[in-house]
Every structure is written in C-alpha cells, then in structure tokens.
Amino acid sequence: MSSYSNVENLSPQTIRQVMRELQEMETTPPEGIKVLINESDVTDIQALIDGPAGTPYAVGIFRVKLTLSKDFPQTPPKAYFLTKIFHPNVAGNGEICVNTLKKDWKPDLGIKHILLTIKCLLIVPNPESALNEEAGKMLLERYDDYSQRARMMTEIHAQPAKCGVGAASDAKDDDGPSTKKHAGLDKKLQDKKKEKLLKEKKRMLKRL
C-alpha cells in the first residue's frame, strides 16, 4: 500500500470538491462512520467505521483508508482496511475488492458513497469475488466457523477504546475524577481479555 501523495496532481476544482464533501461528512456524519480529515493531503482519506449490528464485526471499529489517484474522479480510489479483519473481500494487505471501485465506478459517486459501500460489505460479503480465498470458502461451506473466526479477529484487532466512534466519542471530553479513577482498571481488564483471546486464537488456528 503506497503512501505517496497525489495532491499536487489533482486539479484545484477536484481538491475543493473533495474537501467540501469531507467537511459535510464531518458536520453531518453518516450513521456509524467518522471521517478523519488530513488537511495537508486530501488524497489521504481515512475513516472509522462501526461494525454493523448482527454481524461478526459488530463489536469492533475499523479504520479504512482511501487513496485518490491523480485521475480521480475519472478513476476510482484504492481502498484499504488499516485494521486487521477476516473478510472474503479484503486481501492480506488490507486491499478491498468491491465492484463500486472497479467496473461499477462512476465519477459522480463520491467519498460518502464509497464509505457506505464498504460498510455494506461488512453486512453482505461477496465470496464470489474473494481476495481472501480461505474466508470466502469458509463463508460458503462453514459459516459458523467463519463467523467465529471473524468475530475473534474483531475482538483482538478492532477494539473501540482508542477509535473515538459511537460510545467512545461520546465520552471523549469526560476528564472528571470518575473517568481517571477507572482508566487504569479498564486498561488492565482489556489487557487480560486480549491475552485470553490471543490464547484462544492460537488454539483455534491449530485446529484449522
């Protein structure tokens, strides 16, 4: 995944359009999506996405990255999960495979549409175009195992404590005595939970 910036190659009109859309999403965010604006490089777009309820990803918050090419919006951006995730349409390097960013791309779709599409992919994976063949095969043949594996990865890698979406963002300005009193205890509990999950993960992977 390249971190190269194309900001100097984009037209001023495109830069203004992207910034306008990002600011609108910051002011009125789509449900479960928080955009992270990098004002020094609008070609580097990151967002936090709540794992949708009723899915193996429900307890997590996932950081995603969109990288705009110099030909954007005529060509689609590249999309990646920066948070580790077990999903048929996400490669080992985090690259996301979805038709919206390939054959179905249209220049007027916009950043918001892309992020909503990625969130929908967490609800309805497409094993027919899998980048992670193991996850795609498991989803089709052994859904319970797939769900357990995806949920375990979510609990280990996509914890919301430091992400600032949902309940975490509601508490971000609470610096009172109660918050400070429990911060250390919460961290110890989270560390113990993570250690337990890692042991369970190792046992499970040995059985696969």
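In what follows, the accompanying structure is described. Nothing here was measured: the structure is a model prediction, and the numbers come from that model.

### Quick look at the side chain of Thr55
1) Next: As for its placement among the helices and strands, Thr55 is situated in the loop between strand 2 (44-50) and strand 3 (61-67).
2) Next: In terms of polar contacts, Thr55 uses its side chain to reach the backbone carbonyl oxygen of Pro52, at 2.7 Å.
3) Next: Apart from residues lying up to four places away in sequence, Thr55 is in contact with Leu122 and Ile123.

### Regarding helix 4 (residues 143-157)
1) Next: Taking 1.5 Å of rise per residue, 15 residues should cover 21 Å, and helix 4 covers 21 Å from first to last C-alpha, within 8% of that figure.
2) Next: For helix 4, every residue scored as buried is listed here: Tyr146, Ser147, Arg149, Ala150, Met152, Met153, Thr154 and Ile156.

### Observations regarding the nonpolar core
Nonpolar side chains tend to gather and get buried jointly when the protein is soluble and globular.
1) Next: In this structure, Ile45, Leu66, Phe81, Ile96, Ile111, Leu115 and Ile118 are the most contacted members of the largest nonpolar core, which totals 39 residues.
2) Next: Those elements that provide at least two residues to this core are helix 1 (12-27), strand 1 (33-36), strand 2, strand 3, strand 4 (78-81), helix 2 (110-123), helix 3 (133-141) and helix 4.
3) Next: The biggest single contributor to this core is helix 2, with six residues.

Reading the values: the criteria
Residues numbered from 1 in each chain as written. Predicted model: local features only at pLDDT ≥ 70, side-chain atom pairs only at ≥ 80, totals over all residues. Heavy atoms only, no water. Helix = DSSP H or I, 4+ residues; strand = E, 2+ residues; numbered from the N terminus. Polar contact = N/O pair within 3.5 Å; in protein donor to acceptor, adjacent residues only side chain to side chain. Contact = heavy atoms within 4.5 Å. Expected span 1.5 Å × (residues − 1). Buried < 20%, exposed > 50% of the residue type's maximum accessible area, 1.4 Å probe, protein only. Core = buried A, V, L, I, M, F, W, Y, C linked by side-chain atoms within 4.5 Å.

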